[in-house]
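# Structural overview
Chain residues, written in single-letter form:
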Amino acid sequence: MKALTWQGKRDVRVETVPDPRIEEPTDAIIRVTSSGLCGSDLHLYEVLTPFMTPGDILGHEPMGIVEEVGAAVPDLQAGDRVVVPFQIACGNCWMCLTGLPTQCETTQVTAEGMGAPLFGYTRLYGAVPGAQAEYLRVPQAQFGPIKVPEGPADDRFVYLSDVLPTAWQAVAYAEVPKGGSVAVLGLGPIGDMACRVAQVQGAGRVFGVDLVPERLRRAKARGVETFDLRSFDDEKELVEAIRDRTDGRGPDAVIDAVGTEAHGSATARMVQNASALLPRKISGPMAERFSVDRLAALYTAVELVRRGGTISLSGVYGGMADPMPMLTLFDKQVQMRMGQANVRRWSDEIIPCLTDEDPLGVDDFATHRVSLAEAPEAYDMFQKKRDGAVKVLFQP
């Protein structure tokens, strides 16, 4: 089959690789019909290279048609249309039953001290072959895949794999009071969708911050009060501008949908780039123990949120030596929640929104739909924010 493979920093290639096969009774094989390009994929493309191996298959946002199932997968059969969550979990352990499949005790990558494995996402999360491919082996298929109806285009459902539950959890963790205010930092796919979810769930005011014109226009068109970073000389001006719209206090909650890709510390970027150039045996341990993130978005969130408010982190951070402004966090009595989205925890709540009325705007959420053969160019376009790229779907 054809699959997109990682070969080095900013080097991804479509190659012919062996077809996946059933390896365990709880496996399924799906023929991928759509697979998303995620901002998290850019971390592999740019930042997390010490944890990658040439030949790794990328991608973690798939849906498709079941081709084959193992003997211990009773609720799926060939021909079923399914969305596959980005994490791999059993559904039966204490963590899964508590609503935390990202921490699944059956599948945890214990050798790396990490939670549940993820499709297409570094050795820290199991180095599981990913979904930007023609076919995908799905472990723990007795729990993970979400059956969806025939009829609507893939766009209606594909975001159940990651974008929708990640945005949904970001808003849930933000604990925005009914009629309250929330600021979303970063209007890429997750931030954009988080704004929409917050509106549907009854937020009174939603502020969106970005510096990409196309992203700002998309959010503004849906009623988000947008702020263009390029219009401010520094963070303090931005914070004051939003505070002016919230009675001088700041928003009740801030969602950081940027993560370590934030425009910010040149020192952190230098460390990230330097580690990527070291031999693999050195760069991996160095990145695990001494890595630092570019924390501009998080620092802005801490400054912006009102006293007693909540910060919700959905943007990916990977540093182990990040300096945190503990004095400010403590003094402002800020609550903070974070983590990978627990897809199956939220999917039943989300599905009722995936109707013909389309309150979340999923049917036209994608800006680009391209073939798998065009994936290398799509990564470059998305990383450089060219051509209005906000959400890219591959259709193998």
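Residues numbered from 1 in each chain as written. Predicted model: local features only at pLDDT ≥ 70, side-chain atom pairs only at ≥ 80, totals over all residues. Heavy atoms only, no water.

## Here's the deal with the UniProt feature "domain: Alcohol dehydrogenase-like N-terminal" (unreviewed entry) in the protein
- Within the UniProt annotation, "domain: Alcohol dehydrogenase-like N-terminal" (unreviewed entry) is assigned to residues 25-146.
- Overall, residues 25-146 shows 10% helix and 21% strand. The separation of its end C-alpha atoms is 18 Å. (UniProt positions renumbered as here; feature names shortened; annotations may be inferred. Helix = DSSP H or I, 4+ residues; strand = E, 2+ residues; numbered from the N terminus.)

## As for the pattern of salt bridges
- Evaluation of the coordinates by the stated rule reveals 25 salt bridges.
- The partner of Arg-249 in a salt bridge is Asp-247, and the shortest N-O contact between them spans 3.6 Å.
- We classify Arg-249 as exposed; its relative accessible area is 52%.
- Salt bridges linked by common partners bring Glu-23, Asp-27 and Arg-137 together as one network. (Salt bridge = Lys/Arg side-chain N within 4 Å of Asp/Glu carboxyl O. Buried < 20%, exposed > 50% of the residue type's maximum accessible area, 1.4 Å probe, protein only.)

## Regarding unusual backbone geometry
- Positive phi values are uncommon outside glycine, yet Arg-10 reaches one of about 55°.
- Assignment of secondary structure puts Arg-10 in the loop between strand E1 (2-8) and strand E2 (11-16).
- For Arg-10, a relative accessible area of 44% puts it in the partly exposed group.
- Despite not being glycine, Asp-247 has its phi angle at roughly 55°, a positive value.
- Following the sequence through the fold, Asp-247 ends up in the loop between helix H6 (235-243) and strand E11 (253-256).

## Quick word on a negative patch on the surface
- Among the surface-exposed residues, Asp-233, Asp-234, Glu-235 and Glu-237 lie close enough to one another that they form a single negatively charged patch.
- In this fold, Asp-233 is placed in the loop between strand E10 (225-228) and H6.
- Under the relative-accessibility criterion, Asp-233 is labelled exposed at 70%. (Patch = residues over 30% accessible without salt bridge, like charges linked within 9 Å, V, L, I, M, F, W, Y side chains within 5 Å. Areas by Shrake-Rupley, 256 points an atom, 1.4 Å probe, with all protein chains shown as cover. Lys, Arg positive; Asp, Glu negative; His and termini not counted. Charge placed at Lys NZ, Arg CZ, Asp CG, Glu CD.)

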